[in-house]
Amino acid sequence: MRKPIEIRKAHFPGRAPIDSYGNGGFRFADMSHRGSLLMLPSGIYGWDMQEGDPLTADNFQRVLEEAADIDVLLVGTGKDIRPLPAALKAVFKEHGISSDPMSTGAAIRTYNIMLAEERAVAAVFIVV
């Protein structure tokens, strides 16, 4: 008897550049993912965020847990750039993380370059 399909939270246990994005998802490592992403040193995770959702420290908890391995956090805020709230920037600073908000497309391009340079970079991409 076959086991039923198991639905898990999205996770890719490695680092990979983004090959393409749009239409509600991303392609990376010969896979596709619908929805937003966290790109962390420990891997790539699905992220329950949509364009316009509040940017609070609670939404970035997994990022903060890996702060020791992150120098720069790129924040892809959707189609348009959206400033990070001062309270969130302060939390990142307390954890030694420099944060840089930009549109998701710009964040992806910057992330891919920094990843290729083997920099201590992480990123969050809100789906477009």
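Located above this text is the structure these notes cover.
Residues numbered from 1 in each chain as written. Predicted model: local features only at pLDDT ≥ 70, side-chain atom pairs only at ≥ 80, totals over all residues. Heavy atoms only, no water.

Visitor: So, the sheet that holds strand 3 (residues 25–28): which residues are in play, and what are the values?
Guide: Strands sit in the order 2-3-4 across an open sheet of three strands; the sheet is antiparallel. This sheet does not close on itself; its edge strands, each paired only once, are strand 2 (18–22) and strand 4 (31–34). Averaged over all adjacent pairs, the angle separating strand axes in this sheet is 15°, with direction ignored. Taken together, the four bridges between strand 3 and strand 4 define a ladder with antiparallel strand orientation. When the bridges of strand 4 are listed, Arg27 appears paired with Ser32. Most of the contacts of helix 3 (residues 104–116) go to strand 2, to which it runs at about 180°, and overall it touches strand 2 and strand 3. (Pairing = 2+ DSSP bridges. Helix = DSSP H or I, 4+ residues; strand = E, 2+ residues; numbered from the N terminus. Axes fitted to C-alpha atoms, helices over the stretch in contact; angles between N-to-C directions. Contact = heavy atoms within 4.5 Å.)

Visitor: Any details on helix 3? Residues and values, ideally.
Guide: Here helix 3 contains 13 residues, and its C-alpha end-to-end distance of 18 Å stays within 8% of the 18 Å for a straight helix at 1.5 Å per residue. Buried within helix 3 we find Thr104, Gly105, Ala106, Ala107, Ile108, Tyr111, Asn112, Met114 and Leu115. Among the structural elements, strand 2, strand 3, strand 5 (36–40), strand 7 (72–76), strand 8 (98–102) and strand 9 (121–125) are those in contact with the buried residues of helix 3. Just downstream of helix 3, Glu118 is the residue with a positive phi angle, here 60°. (Expected span 1.5 Å × (residues − 1). Buried < 20%, exposed > 50% of the residue type's maximum accessible area, 1.4 Å probe, protein only.)

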